[in-house]
There are 8 protein chains.
Amino acid sequence: MNRAYEEMGFAKLDLDRAQRTGFPEVVFCEGKADEHLAAICKSLYEEYGELLGTRASEHQYEIVKGAVPEAEYDRVSRIIYVEREGKERKGFVAVCSAGTADIPVAEEAARTAEYLGAYVERFFDVGVSGIHRLFDHIDRIREANCVIAVAGMEGALASVLGGMARNPVIAVPTPVGYGVSEGGYAALLAMLSSCANGVATVNIGNGFGAGFMAAQINRLAVGVERDPNS
Amino acid sequence: MNRAYEEMGFAKLDLDRAQRTGFPEVVFCEGKADEHLAAICKSLYEEYGELLGTRASEHQYEIVKGAVPEAEYDRVSRIIYVEREGKERKGFVAVCSAGTADIPVAEEAARTAEYLGAYVERFFDVGVSGIHRLFDHIDRIREANCVIAVAGMEGALASVLGGMARNPVIAVPTPVGYGVSEGGYAALLAMLSSCANGVATVNIGNGFGAGFMAAQINRLAVGVERDPNS
Amino acid sequence: MNRAYEEMGFAKLDLDRAQRTGFPEVVFCEGKADEHLAAICKSLYEEYGELLGTRASEHQYEIVKGAVPEAEYDRVSRIIYVEREGKERKGFVAVCSAGTADIPVAEEAARTAEYLGAYVERFFDVGVSGIHRLFDHIDRIREANCVIAVAGMEGALASVLGGMARNPVIAVPTPVGYGVSEGGYAALLAMLSSCANGVATVNIGNGFGAGFMAAQINRLAVGVERDPNS
Amino acid sequence: MNRAYEEMGFAKLDLDRAQRTGFPEVVFCEGKADEHLAAICKSLYEEYGELLGTRASEHQYEIVKGAVPEAEYDRVSRIIYVEREGKERKGFVAVCSAGTADIPVAEEAARTAEYLGAYVERFFDVGVSGIHRLFDHIDRIREANCVIAVAGMEGALASVLGGMARNPVIAVPTPVGYGVSEGGYAALLAMLSSCANGVATVNIGNGFGAGFMAAQINRLAVGVERDPNS
Amino acid sequence: MNRAYEEMGFAKLDLDRAQRTGFPEVVFCEGKADEHLAAICKSLYEEYGELLGTRASEHQYEIVKGAVPEAEYDRVSRIIYVEREGKERKGFVAVCSAGTADIPVAEEAARTAEYLGAYVERFFDVGVSGIHRLFDHIDRIREANCVIAVAGMEGALASVLGGMARNPVIAVPTPVGYGVSEGGYAALLAMLSSCANGVATVNIGNGFGAGFMAAQINRLAVGVERDPNS
Amino acid sequence: MNRAYEEMGFAKLDLDRAQRTGFPEVVFCEGKADEHLAAICKSLYEEYGELLGTRASEHQYEIVKGAVPEAEYDRVSRIIYVEREGKERKGFVAVCSAGTADIPVAEEAARTAEYLGAYVERFFDVGVSGIHRLFDHIDRIREANCVIAVAGMEGALASVLGGMARNPVIAVPTPVGYGVSEGGYAALLAMLSSCANGVATVNIGNGFGAGFMAAQINRLAVGVERDPNS
Amino acid sequence: MNRAYEEMGFAKLDLDRAQRTGFPEVVFCEGKADEHLAAICKSLYEEYGELLGTRASEHQYEIVKGAVPEAEYDRVSRIIYVEREGKERKGFVAVCSAGTADIPVAEEAARTAEYLGAYVERFFDVGVSGIHRLFDHIDRIREANCVIAVAGMEGALASVLGGMARNPVIAVPTPVGYGVSEGGYAALLAMLSSCANGVATVNIGNGFGAGFMAAQINRLAVGVERDPNS
Amino acid sequence: MNRAYEEMGFAKLDLDRAQRTGFPEVVFCEGKADEHLAAICKSLYEEYGELLGTRASEHQYEIVKGAVPEAEYDRVSRIIYVEREGKERKGFVAVCSAGTADIPVAEEAARTAEYLGAYVERFFDVGVSGIHRLFDHIDRIREANCVIAVAGMEGALASVLGGMARNPVIAVPTPVGYGVSEGGYAALLAMLSSCANGVATVNIGNGFGAGFMAAQINRLAVGVERDPNS
């Protein structure tokens with residue numbers, strides 16, 4: 001219980017996390033003050049030699065770039081990243097999304113899993129209103145160690161995938177929709193209610209969380225522990 | 001605006017309804033006092049020569065039988081009925097349900113549509129957790145003038161059917177489930193949020209309402225107006 | 001199950017839909033990235049020779065116009081459209097709305113039904129606070145193959161119409177109101193709870209969905225199948 | 001601020017209420033322990049020479065009868081009462097209810113207003129699914145000093161009455177219904193959202209509250225103050 | 001049932017309302033298109049010689065002023081008005097509010113009641129956190145024919161007033177607050193739950209509705225019918 | 001971090017709690033299996049020489065009595081207890097409740113505080129519908145080190161007390177009420193929204209929690225630490 | 001897409017599931033009619049030679065025993081089971097629960113994972129109110145391939161475990177609690193909101209779902225595919 | 001009951017509060033009109049010689065500075081203040097917060113308690129996802145007379161602290177989070193549901209309320225009454 005953290009005054013940076021979990025600390029950028037964000041990213045980059053920041057605005061990217069010049073930014077997923085060269089991606093995680101508006105969340109999931117060492121394939125726009133589009137890819141999807149199902153509105157994709165997949169399905173509701181589906185609660189409730197086995201759910205819009213757990217499962221499946229210092 | 005009704009003191013029986021809507025008054029039994037129920041059923045049976053009572057308990061059936069000896073009772077759908085002999089059933093309404101626990105609501109829908117003159121086929125236990133069971137019947141379902149989709153839990157059946165059907169889909173959420181799906185709200189929200197076109201929703205457990213509208217649509221499709229006095 | 005779609009990378013365009021449902025794919029514009037929207041509209045217009053886009057901003061109209069110069073825009077309903085000349089409108093759909101603030105949703109319903117081949121009449125500002133305004137038109141409304149009831153606040157119009165109409169009533173709650181009716185939930189619950197028979201409900205603000213199903217019902221009533229390639 | 005009350009240990013009986021409000025204390029029976037209920041009713045009866053107890057079970061009536069032998073009980077409204085002979089009923093309060101299942105709440109309202117000195121007429125089963133039944137009585141209803149609108153399900157009756165009445169409409173939602181209208185929230189929201197002027201709402205099932213305020217308004221209209229000691 | 005209204009295309013102006021209710025039509029400005037608002041205000045002003053418009057922005061006031069040059073505007077209550085000279089105010093309505101942030105809603109109530117002929121006194125900032133401020137005025141408040149209680153946050157003012165007033169209390173929840181009281185639901189529920197007799201509630205922020213019903217009650221109390229053409 | 005607990009297989013009894021918090025473990029009886037309850041009570045009684053069990057049924061009391069013959073039971077608060085003789089009660093905690101139906105929760109609070117060493121006075125039936133009953137006692141209440149405000153329905157008592165008290169007010173919502181106040185949410189929201197300073201809230205019906213914190217505050221005020229082994 | 005199922009009239013038994021998912025069909029007993037339950041269990045037992053039924057009442061056990069005499073019943077988890085002899089349990093799943101009342105759900109998870117081939121250890125009564133009880137076992141828990149966190153009330157156990165575990169944490173909210181935690185929504189929201197990485201959530205009370213996914217993850221980790229016909 | 005207040009027309013300034021509660025009136029700035037805010041601050045400053053204003057924007061600070069030139073502003077907590085020189089801070093209040101985004105609310109609590117005379121220590125970023133950061137400080141935290149636990153998302157910090165603290169824990173949910181934790185309801189429910197003893201909760205974001213009650217408790221613990229005129 002005498003684990004390491006860096007006391008930064010406004011924050012206590014959890015440097016022990018890589019040791020505990022095998023994956024380094026990731027920065028949740030939304031809501032952080034500019035100076036805090038820059039200092040945290042700099043510290044983590046110095047500690048690990050790589051960096052992942054989620055839910056970052058373009059403005060925040062500029063701030064981080066000032067502190068970590070190597071930082072890059074993906075506008076779709078709103079992710080800031082620096083990745084060490086030559087990192088191998090192993091196993092197989094399938095990221096499926098229902099509509100085009102769900103892509104930002106799906107990309108956050110996919111890039112998170114990739115950053116944490118997983119090989120990822122994307123299957124976008126395979127929602128149930130035209131279910132033949134999903135069935136054309138189902139044999140490949142079933143080979144994944146973990147399937148991520150990203151959907152807004154009625155979130156039915158998770159149940160359909162859960163009924164077909166061999167391995168765990170992580171459901172991610174998105175706030176895509178209007179009226180009763182605005183905010184993502186209809187999709188959330190549907191995913192939690194899934195009649196299919198092997199489906200668990202993360203918070204609305206939490207592509208990062210789904211990607212993280214998928215990487216954990218994939219790591220178990222490939223049987224290779226990642227270097228906790230990387 | 002000088003339309004007919006029978007003043008019964010505790011109730012004003014809407015005898016003009018058959019004239020206005022082409023279908024006779026149906027009795028919602030739940031919550032009615034015994035003596036009121038008996039009197040209403042007797043009056044309607046005398047007026048129309050047939051009778052449909054929904055959400056009836058076994059006790060209520062005994063009460064009604066005392067007033068209308070011809071009355072019969074279906075324990076699954078909890079429907080009391082007397083139907084005129086030789087009534088022809090026309091067109092085609094498909095009643096689909098997701099799980100075995102949804103059958104009582106599905107039967108209420110099916111029997112209501114049949115009572116109002118529609119030919120009905122039932123497709124039970126075709127929920128999305130084993131979607132191949134639905135696909136074996138989808139070509140026949142697509143021929144229906146109206147499809148009724150009955151489901152609890154995440155209610156995904158309505159969206160899958162909506163994506164495949166040619167004609168209207170009426171979605172009926174059921175209170176089947178537990179946790180967040182208990183009471184039927186998860187299914188209701190999912191059905192209202194459906195990404196498929198041509199899906200409208202009725203109240204949780206309202207098999208009667210779905211069967212009624214399906215009969216209206218079917219009546220339009222077969223192009224034969226029902227005798228409003230029948 | 002080897003149905004057609006166009007793989008666009010970010011999307012899988014469901015070209016089989018016209019075949020399956022008799023109506024071509026319609027574009028839900030809200031939330032689509034500019035380049036995606038333009039590409040999708042162009043593809044669909046080339047496939048079908050006409051186009052309907054709902055929930056479009058003025059900016060999105062400019063984008064679409066760049067890709068499909070024939071595109072027009074209705075500011076009230078926020079619809080982008082190109083319609084083939086000489087399209088006949090058949091049957092009769094009645095679109096009723098309670099207040100002046102409900103007109104945008106009502107217009108979305110009306111224009112959708114018209115685009116899909118239905119003859120439509122509009123009955124606006126016939127809410128229940130001055131119910132004589134509705135009764136002056138009720139005889140004509142009762143002749144419709146399908147009635148659409150658009151209302152915010154307490155949504156009582158749907159029940160009143162449901163009690164009088166012969167054919168199906170599709171209820172559309174709108175987010176018009178403030179306090180407990182803000183967002184449209186009061187109207188939604190009221191419409192789902194309707195004591196009248198033959199009322200089904202779509203999502204809050206979903207004029208498109210109501211217009212689509214009304215066109216399906218009207219198509220059944222007029223007994224003429226639309227050319228699925230049109 | 002040195003107003004009277006009777007200290008009973010478990011309760012402080014508000015004997016000053018008649019002085020403050022012109023109406024004596026009424027007993028809300030539900031949830032009261034048997035011995036408390038008996039003692040409170042006895043005290044109030046001795047103080048005022050009459051008694052009104054609402055939401056009383058048959059068992060509670062037996063208890064009260066033991067303490068106040070003159071007490072009578074109405075099974076429909078679940079009201080216990082002793083009323084002084086020769087009490088005149090003045091003015092006019094109209095109690096309207098939508099369905100037969102709403103009668104218990106409507107009766108609680110009617111009997112409360114009568115107990116507090118109002119002349120009451122009942123208009124039951126005038127819900128909007130057969131609105132001609134209401135219109136046959138609307139001219140008489142409009143003459144009331146106050147209209148009480150009792151309805152469950154979608155609660156549309158309040159808005160229709162509010163659009164026609166000259167004087168205040170007090171809306172009482174009831175828990176009658178199932179699915180989304182179960183518990184009375186759909187009716188409550190609809191009544192609070194009413195587009196008609198002059199409608200205010202009380203708690204779900206609070207017939208007593210509506211009857212009380214109607215009696216207050218009626219008292220103002222007839223211009224005769226009730227003896228505060230009666 | 002052949003009552004008057006003016007068909008304006010986008011609206012059906014309810015000119016019969018003054019006849020039915022004794023008070024002329026009032027304009028709810030929020031959400032109305034500029035050209036509709038101007039046309040409606042002009043028609044009503046020509047019909048009645050006075051005008052009341054609620055929930056109006058400054059921009060809308062400029063629009064109305066273009067059509068009705070006599071129109072004035074109160075920035076606190078956001079009311080547009082033209083009032084006939086020499087209108088007498090009778091009876092007594094007490095408008096009480098809990099905090100300074102509740103004043104806009106309280107002013108809407110007060111000005112509405114005044115416009116409809118009531119004499120009004122205002123008692124602002126008398127919330128329960130310093131209840132001695134209320135008690136200094138309670139004797140005067142108890143003389144009112146109707147008390148309006150305007151409060152946000154926990155809405156306790158309505159219950160305290162209900163326990164002391166002789167005549168009806170109309171409770172108006174306001175959206176004032178943050179956290180669980182943001183939006184006004186905490187106050188609304190508290191007011192509907194009031195343990196005091198003689199309290200009814202209107203929608204959150206509906207000062208107009210409270211002022212309207214208070215004017216109705218006050219009109220009954222003063223025993224003078226207002227000229228329905230005025 | 002090597003703190004004591006007793007491993008019981010089904011439970012790990014937290015014997016360190018008295019050391020950590022100064023108060024011994026209390027048993028929450030509801031939902032515990034009979035054999036677990038008996039074993040836990042026996043262990044705690046042997047450890048501390050006294051015992052407090054909350055939310056206990058009569059049946060559970062019989063079970064506990066079998067294991068701890070000294071155990072007594074209070075039917076109003078549903079508390080099982082054994083208290084060491086001669087325990088001194090210090091300081092002053094005031095327990096106020098709004099209505100007679102709130103007494104069980106108020107008693108749970110009072111008895112908990114007493115068990116933990118506080119001197120308690122009870123002020124029952126002092127709700128705001130007859131606020132003069134509260135004011136007669138307010139000077140005494142203001143002398144308490146901590147005030148507990150127990151109320152259902154609209155929960156206004158907490159705000160009124162908060163506006164007058166010098167020391168902390170702990171608000172306890174109760175599930176007393178019907179319609180929107182059923183279950184205690186209206187009171188909970190009102191208490192959390194309180195405009196008065198110095199009010200914090202515990203869970204609905206959590207008299208124990210309020211009594212516990214009041215005893216903590218009272219202990220600080222009297223400046224005497226309780227023997228942690230007692 | 002021509003996958004196997006057994007048409008039973010009331011049900012379509014998904015015999016293809018073992019092929020698709022590697023685990024045989026499990027029976028959700030709650031709500032099934034007696035004759036349906038017996039027939040389904042018999043069919044599955046004949047197909048697979050073993051059987052798992054969840055949420056079964058004692059009565060249902062008697063019914064199943066009539067059809068499958070080898071069936072046994074665990075009263076705590078309410079599971080009916082027949083397990084083939086000599087089944088090896090591999091890997092490591094840790095099932096942690098917060099309080100004694102959470103044990104039934106935790107046992108459902110544990111027994112499900114065991115039935116599906118996982119080696120399971122139980123860590124009960126390690127909730128956060130005495131967190132040292134958890135820390136004594138944390139090193140062992142961290143070795144699990146998957147951790148199941150079962151908790152009601154505020155559900156904090158999932159976050160604490162998520163912050164310490166190396167592998168996925170599946171959070172199961174239980175309906176244990178009262179007031180705002182009754183029904184399990186407080187725990188559900190907390191678990192979905194977890195600030196820790198690697199936590200996904202299943203429906204309230206869904207021990208089966210958690211056990212199923214844990215078995216999937218564990219199967220990936222031990223690298224041995226289960227015979228899909230077993 | 002003839003207590004002092006200053007009648008300002010728009011407000012009745014509660015000058016008696018210091019007398020009643022021992023702490024002077026504090027200004028809730030949010031939502032106040034500029035001229036009202038300036039006048040109120042000026043009056044209070046003149047009365048007490050110091051000033052505290054919460055939830056103030058920078059613009060409001062400029063307004064107040066115009067009326068009270070001594071006023072200062074803290075941008076993090078959004079507090080306006082003037083504090084008398086040489087004010088002693090006594091006792092010990094511990095303010096703990098879970099994440100960096102919770103700091104503004106935590107600072108509001110800390111500065112309020114300091115203004116009211118308490119000695120405060122801050123423990124920021126000690127959330128449960130890296131619980132060793134909290135345990136390094138737990139011995140010091142346990143010495144506080146009152147602990148304030150500020151957290152958003154799942155709010156688990158309050159329960160963990162409640163399980164370890166000796167004295168009261170005041171839980172403050174913050175609106176920090178997204179999806180189901182957006183707005184602070186998940187944290188609020190978790191805190192109200194806390195399985196730990198001695199935890200009470202204030203409104204979402206109500207750092208002021210927590211600081212106020214902590215100062216009350218601390219005042220009792222140090223046994224020194226603050227001069228009510230200061």
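This text follows the structure it describes.
Remember, it's a predicted structure, so these values are computed and weren't measured experimentally.

Engineer: Any chance you could explain the relation of the copies chain A and chain G here in plain terms?
Structural biologist: Both copies of the chain are placed relative to one another by a rotation about an axis and a shift along it. Rotating chain A by 180° and moving it 0.0 Å along the rotation axis overlays it on chain G with an RMSD of 0.0 Å. These values place the two chain copies in the arrangement generated by a two-fold rotation axis. In this assembly the copies share their binding face: 100% of the residues contributing to the interface of chain A also contribute to that of chain G.

Engineer: In this structure, what is going on with the relation of the copies chain H and chain G? I would like to understand it.
Structural biologist: Take chain H, turn it by 180°, move it 0.0 Å along the axis, and it overlays chain G with an RMSD of 0.0 Å. The overlap is high: 100% of the interface residues of chain H also sit at the interface in chain G, so the same surface is used on both sides.

Engineer: I tried to follow the sheet that holds strand β3 (residues 27-28) of chain H on my own but got confused; where do I start?
Structural biologist: By way of backbone hydrogen bonds, the strands of a sheet pair with one another, either parallel or antiparallel. Residue and element names in this part refer to chain H. On the basis of which strands lie adjacent, the open sheet formed by four strands has the order β3-β4-β6-β5 and mixed pairing. Of all the strands in the sheet, the pair left with one neighbour each is β3 and β5 (72-74). One ladder, built from two bridges, connects β3 with strand β4 (residues 51-54); its direction is parallel. Each residue of the ladder has a partner; that of Phe28, found in β4, is Thr54.

Engineer: Help me understand the interface of chain H and chain G in this model?
Structural biologist: The extent of an interface is frequently quoted as the accessible surface area lost upon association of the parts. With 21 residues of chain H at the interface, the matching set in chain G holds 21 residues. Taken together, both faces of the contact between chain H and chain G bury some 1,800 Å²; the carbon and sulfur share is 74%. The largest per-residue losses of area from chain H upon contact with chain G belong to H:Glu154, H:Ser193 and H:Cys195, which jointly make up 29% of the total buried on that side. Applying the counting criterion to the chain H and chain G interface returns zero salt bridges. Applying the counting rule to chain H against chain G returns four residue pairs in polar contact (both at pLDDT 80 or more). Among the secondary structure elements, those contributing two or more residues to the side of chain H that touches chain G are α7 (156-164) and α8 (185-192) of chain H. Here the side of chain H that touches chain G is built from residues that sort into 14 nonpolar, six polar and one charged.

Engineer: Help me out: how do you make sense of empty space enclosed by the protein in this one?
Structural biologist: Leftover empty space is mapped by rolling, across the atoms, a probe with the size of a water molecule. Tallied over the entire structure, the rule returns 13 cavities of 30 Å³ or more. Those elements that place two or more of their residues in the lining of the largest cavity are α8 (185-192) of chain F together with β2 (12-13), β3, α2 (34-48) and α9 (207-222) of chain H.

Engineer: Whenever I open this one, the packing of helix α2 (residues 34-48) of chain E against helix α3 (residues 58-67) of chain E confuses me. Can you help?
Structural biologist: Two quantities define a packed helix pair, namely the angle between the helix axes and the distance between the axes. All names here are of chain E. Where α2 meets α3, the axes come as close as 9 Å, and the angle between the chain directions of the two elements is 50°. Classified by the angle between their axes, α2 and α3 sit oblique to one another. Between α2 and α3 the crossing geometry is right-handed. Contact with α2, carried on its side by Asp34, Leu37, Ala38, Cys41 and Lys42, involves His59, Gln60, Ile63, Val64 and Ala67 of α3 and no other residues of that element. Broken down by class, the residue content of the contact of α2 with α3 amounts to six nonpolar, two polar and two charged.

Engineer: Can you walk me through helix α8 (residues 185-192) of chain E in this structure?
Structural biologist: Structural remark: α-helix, 3.6 residues per turn; residues separated by three or four positions point the same way. Across the eight residues that make up α8(E), a large majority, seven, are buried. For α8(E), the full list of buried residues reads E:Ala186, E:Ala187, E:Leu188, E:Leu189, E:Ala190, E:Met191 and E:Leu192.

Engineer: Got a minute to help me understand unusual backbone geometry in this structure?
Structural biologist: In most cases, non-glycine residues show a negative phi, while peptide bonds are predominantly trans. For B:Met153, which is not glycine, the phi torsion reads 45° and is therefore positive. Position of B:Met153 among the secondary structure elements: in the loop between β9 (146-151) and α7 (157-162). You will see that E:Asp125, though not glycine, has its phi angle at about 60°, which is positive. Turning to its location among the elements, E:Asp125 is positioned in the loop between β8 (118-123) and α5 (132-135).

Engineer: For this particular structure, what's the right way to read the pairing of strand β9 (residues 146-151) of chain F?
Structural biologist: Each regular strand carries side chains that alternate between the two faces of the sheet. Residue and element names in this part refer to chain F. The element β9 is largely enclosed, with a buried count of six among its six residues. Bridging between strand β7 (residues 90-97) and β9 involves five bridges; their strand directions are parallel. Its bridge partner being in β9, Ser97 is matched across the sheet by Val150. Bridge analysis of β9 against strand β10 (residues 169-173) gives five bridges, and the strand direction is parallel. Each bridged residue has a counterpart across the sheet, and for Val150 the counterpart in β10 is Val172. Since β9 and β10 lie parallel, the crossover through helix α7 (residues 157-164) that links them has a hand, and here it is right-handed.

Engineer: What am I meant to see in the sheet that holds strand β5 (residues 72-74) of chain G here?
Structural biologist: All names here are of chain G. Ordered in space as β3-β4-β6-β5, the four strands form an open sheet in which the pairing is mixed. Every interior strand has two partners, whereas the edge strands, β3 (27-28) and β5, have only one. Here β5 runs beside strand β6 (residues 79-82); their pairing, made up of three bridges, is antiparallel. In the sheet register, Glu72 faces β6, and the bridge partner there is Tyr81. Running over the sheet, helix α4 (residues 103-115) touches β4 (51-54), β5 and β6 and is turned about 15° from β6.

Engineer: Please clarify how the arrangement of the chains should be interpreted in this entry.
Structural biologist: There is a gap between chain C and chain F: no contact, and a shortest C-alpha distance of 14 Å. Chain C makes no contact with chain H; the smallest distance between any of their C-alpha atoms is 17 Å.

Engineer: Help me understand the packing of aromatic side chains, please; the structure alone is not making it clear to me.
Structural biologist: Remark: the centre distance and the inter-plane angle together describe each pair of aromatic rings, the angle taken between the planes. The full count for this structure, using the stated rule, is 44 aromatic pairs over all chains. With 5.2 Å between their ring centres and 80° between their planes, A:Phe23 and A:Phe212 make a pair best called edge-to-face. Taken together, the positions of A:Phe23 in the loop between α1 (17-21) and β3 (27-28) and A:Phe212 in helix α9 (residues 207-222) put the pair 189 residues apart, joining distant regions of the chain. Comparing A:Phe23 with A:Phe212 shows no difference in burial state: the two are buried. Sitting over the ring of B:Tyr115, B:Lys87 keeps its end group 4.2 Å from the ring centre.

Engineer: Looking at this structure, I do not really get the pattern of salt bridges. What am I missing?
Structural biologist: Side chains bearing opposite charge may pair, as long as their charged atoms lie close to each other. The final tally for this structure, using the stated rule, is 160 salt bridges over all chains. As a salt-bridge pair, C:Glu83 and C:Lys87 come within 3.2 Å of each other at their nearest N and O atoms. Shared partners join several salt bridges into a network, and the residues in it are A:Asp14, A:Asp16, A:Arg17, A:Arg20 and A:Glu25.

Engineer: So what exactly am I meant to see when it comes to the state of the cysteines here?
Structural biologist: Throughout this description, disulfide means a covalent bond between two cysteine sulfur atoms. Applying the stated criterion across every chain, the model contains zero disulfides over all chains. Just so you know, A:Cys41 is unpaired, no disulfide at all, and the nearest cysteine sulfur is the one on A:Cys29, 5.6 Å from it. You can see H:Cys195 has no disulfide; the closest cysteine sulfur is in G:Cys96, sitting 15 Å from it.

Engineer: Explain the environment of A:Glu72 to me, please; I cannot follow it from the model alone.
Structural biologist: All names here are of chain A. Within the element layout of this structure, Glu72 appears in strand β5 (residues 72-74). Overall, the relative accessible area of 44% leaves Glu72 in the partly exposed class. Each C-alpha atom, one on Glu72 and one on Met8, is 25 Å from the other, the two residues being 64 residues apart in sequence. With residues near it in sequence (within four places) discarded, Glu72 still touches Tyr61, Ile79, Ile80 and Tyr81.

About the criteria used
Residues numbered from 1 in each chain as written. Chains lettered and ligands numbered in written order. Predicted model: local features only at pLDDT ≥ 70, side-chain atom pairs only at ≥ 80, totals over all residues. Heavy atoms only, no water. Least-squares fit on C-alpha atoms with pLDDT ≥ 70 in both. Contact = heavy atoms within 4.5 Å. Pairing = 2+ DSSP bridges. Helix = DSSP H or I, 4+ residues; strand = E, 2+ residues; numbered from the N terminus. Buried area = accessible area lost by both parts, 1.4 Å probe. Salt bridge = Lys/Arg side-chain N within 4 Å of Asp/Glu carboxyl O. Polar contact = N/O pair within 3.5 Å; in protein donor to acceptor, adjacent residues only side chain to side chain. Nonpolar A, V, L, I, M, F, W, Y, C, P; charged D, E, K, R; others polar. 1 Å grid on protein atoms, 1.4 Å probe; cavity = no way out; pocket = protein on both sides within 12 Å on 5 of 7 lines; lining within 4 Å. Points joined across faces, edges and corners; volume = space filled by probe spheres on them. Axes fitted to C-alpha atoms, helices over the stretch in contact; angles between N-to-C directions. Parallel < 35°, antiparallel > 145°, perpendicular 65-115°, else oblique. Left-handed = near helix turned anticlockwise from the far one by under 90°. Buried < 20%, exposed > 50% of the residue type's maximum accessible area, 1.4 Å probe, protein only. Right-handed = clockwise from strand over helix to strand, strands pointing away. Phe/Tyr/Trp six-rings, centres within 6.5 Å; stacked < 30°, edge-to-face > 60°. Lys NZ or Arg CZ within 6 Å of the ring centre and 35° of its normal. Disulfide = S-S within 2.5 Å.

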